[in-house]
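Next come the chains, spelled out residue by residue.
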Amino acid sequence: MTDATGSAISLRVNGVTHRLSVDNRRTLLDALREDIGHTGPKKGCDHGQCGACTVLLDGRRVVSCLTLAVAAEGAEITTVEGLAADGELRPIQEAFIRLDGFQCGFCTSGQLCSAVGMLAEHAAGWPSAVTADVRGPAPELDAAEVRERMSGNLCRCGAYPSIVRAVLETAGREEAAR
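Residues numbered from 1 in each chain as written. Predicted model: local features only at pLDDT ≥ 70, side-chain atom pairs only at ≥ 80, totals over all residues. Heavy atoms only, no water.

**Q** What am I meant to see in helix α1 (residues 28-36) here?
**A** Note: α-helices contain 3.6 residues per turn, so residues at a spacing of three or four share the same orientation. Those residues of α1 that sit buried are Leu28, Leu29, Asp30, Ala31, Leu32 and Ile36. Along its buried surface, α1 packs onto β1 (6-13), β2 (16-23), β3 (54-57) and β5 (76-78). Two residues or fewer past α1, Gly37 is found with a positive phi of approximately 95 degrees. (Buried < 20%, exposed > 50% of the residue type's maximum accessible area, 1.4 Å probe, protein only. Helix = DSSP H or I, 4+ residues; strand = E, 2+ residues; numbered from the N terminus. Contact = heavy atoms within 4.5 Å.)

See below:
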């Protein structure tokens, strides 16, 4: 790596700032896993198709295998390791456990980060491809909405029914809390 192909960057991951020297072509996924040691985001397809590497970048979900590490400088990055606060699981994490929203667990970190991001998008009123009326507020979440909004995250074990139930239950709890 030369000065022309590398950069010194700071990545804020789960509330901790990490200073790195990276090749400008290095993905955020590789920086998280290999340079910082956060192995929650998984390298599944390495083509942005499976969602196993999903993390939150300033609260928005991204596939970290297609995001350059240099592009994430200055953003708040949250991996699955950073979802729980003070040792307390988030409601979505509790629901995944209770409702068996995972089997082998490989996709779970990406599914959880995507669910957190998706619930925030819905709460902000963002429509999805199956939203009937995109002019009004976002519709109440139902199974079709959740399946569409989570469609970028694949589960090879087929835990989709449990994942949908966990997201719907969490959305109901969050809506009741507002």
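**Q** Where do I start with the pattern of salt bridges in this structure?
**A** Two side chains carrying opposite charge are able to pair once their charged atoms lie near each other. Tallying each qualifying case throughout the model produces 11 salt bridges. Where Asp23 meets Arg25, a salt bridge forms, and the shortest distance between an N and an O atom there is 2.7 Å. Two residues, Glu121 and Arg61, come together in a salt bridge whose shortest N-O distance is 2.9 Å. With Glu121 in helix α3 (residues 108-123) and Arg61 in strand β4 (residues 60-63), this residue pair connects regions lying 60 residues apart in the sequence. On the accessibility criterion, Glu121 (14% relative accessible area) is buried. Using a relative accessible area of 23% as the deciding quantity, one classes Arg61 as partly exposed. Shared partners join several salt bridges into a network, and the residues in it are Arg26, Glu34 and Asp35. (Salt bridge = Lys/Arg side-chain N within 4 Å of Asp/Glu carboxyl O.)

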